[in-house]
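A look at the structure
Each chain, written out:
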Amino acid sequence: MRARRLKRASVREFHHNVYVILLSPDVAKHPSILKLNHGRDPAKPCLYVGMTGLDPTERFQNHKNGYKSAWVVKKYGVRLLPEMYKCYNPMPFEAAAQMEKELAEDLRAQGYTVTGGT
């Protein structure tokens, strides 16, 4: 019985996800976005990096529907880019919070225009 409780607890702990959303290039017209991305390569896409306890698809829909949404995703979000995050998920909350920051920093360092990841 105790082993079953421990197993259920560990499954619940690993339900957080990082995700990456492709944004319309129009988002790069905002000075606040440009300020965060000094070394951006205009040929690379604009991205939003986030973390969630939900399935990333559900979280993206929430953004687009205006529920707990980031303004950039609600206005400029195009689609999820699972090829950029799926290999990391799922994970515990603390790991997802750290991964969100690191993934945003790594993508920014590669020249992507990145928002989120805070």
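Refer to the structure presented above.
No experiment lies behind these values; they were computed from the predicted model shown.

Here we come to the environment of Asn 17. Following the sequence through the fold, Asn 17 ends up in strand E1 (residues 17-23). A residue is classified by how much of its surface remains accessible, and Asn 17, at 10% relative accessible area, is buried. Along the backbone, Asn 17 and Met 51 are 34 residues apart, and their C-alpha atoms lie at a distance of 5.4 Å. The contacts of Asn 17, once residues within four sequence positions are left out, are Gly 50, Met 51, Thr 52, Leu 54, Asp 55, Pro 56, Asn 89 and Pro 90. In this structure the side chain of Asn 17 is engaged in a polar contact, spanning 3.0 Å, whose partner is the backbone oxygen of Leu 54.

The next subject is the pairing of strand E2 (residues 46-52). In terms of burial, E2 is largely enclosed, as seven of its seven residues are buried. Burial along E2 is two-sided: the residues Cys 46, Tyr 48, Gly 50 and Thr 52 and Leu 47, Val 49 and Met 51 are all buried. Direction of pairing for E2 relative to strand E4 (residues 113-116): parallel, over a ladder of four bridges. If you follow Val 49 over to E4, its bridge partner there is Gly 116.

Basis of the calculations
- Residues numbered from 1 in each chain as written.
- Predicted model: local features only at pLDDT ≥ 70, side-chain atom pairs only at ≥ 80, totals over all residues.
- Heavy atoms only, no water.
- Helix = DSSP H or I, 4+ residues; strand = E, 2+ residues; numbered from the N terminus.
- Buried < 20%, exposed > 50% of the residue type's maximum accessible area, 1.4 Å probe, protein only.
- Contact = heavy atoms within 4.5 Å.
- Polar contact = N/O pair within 3.5 Å; in protein donor to acceptor, adjacent residues only side chain to side chain.
- Pairing = 2+ DSSP bridges.

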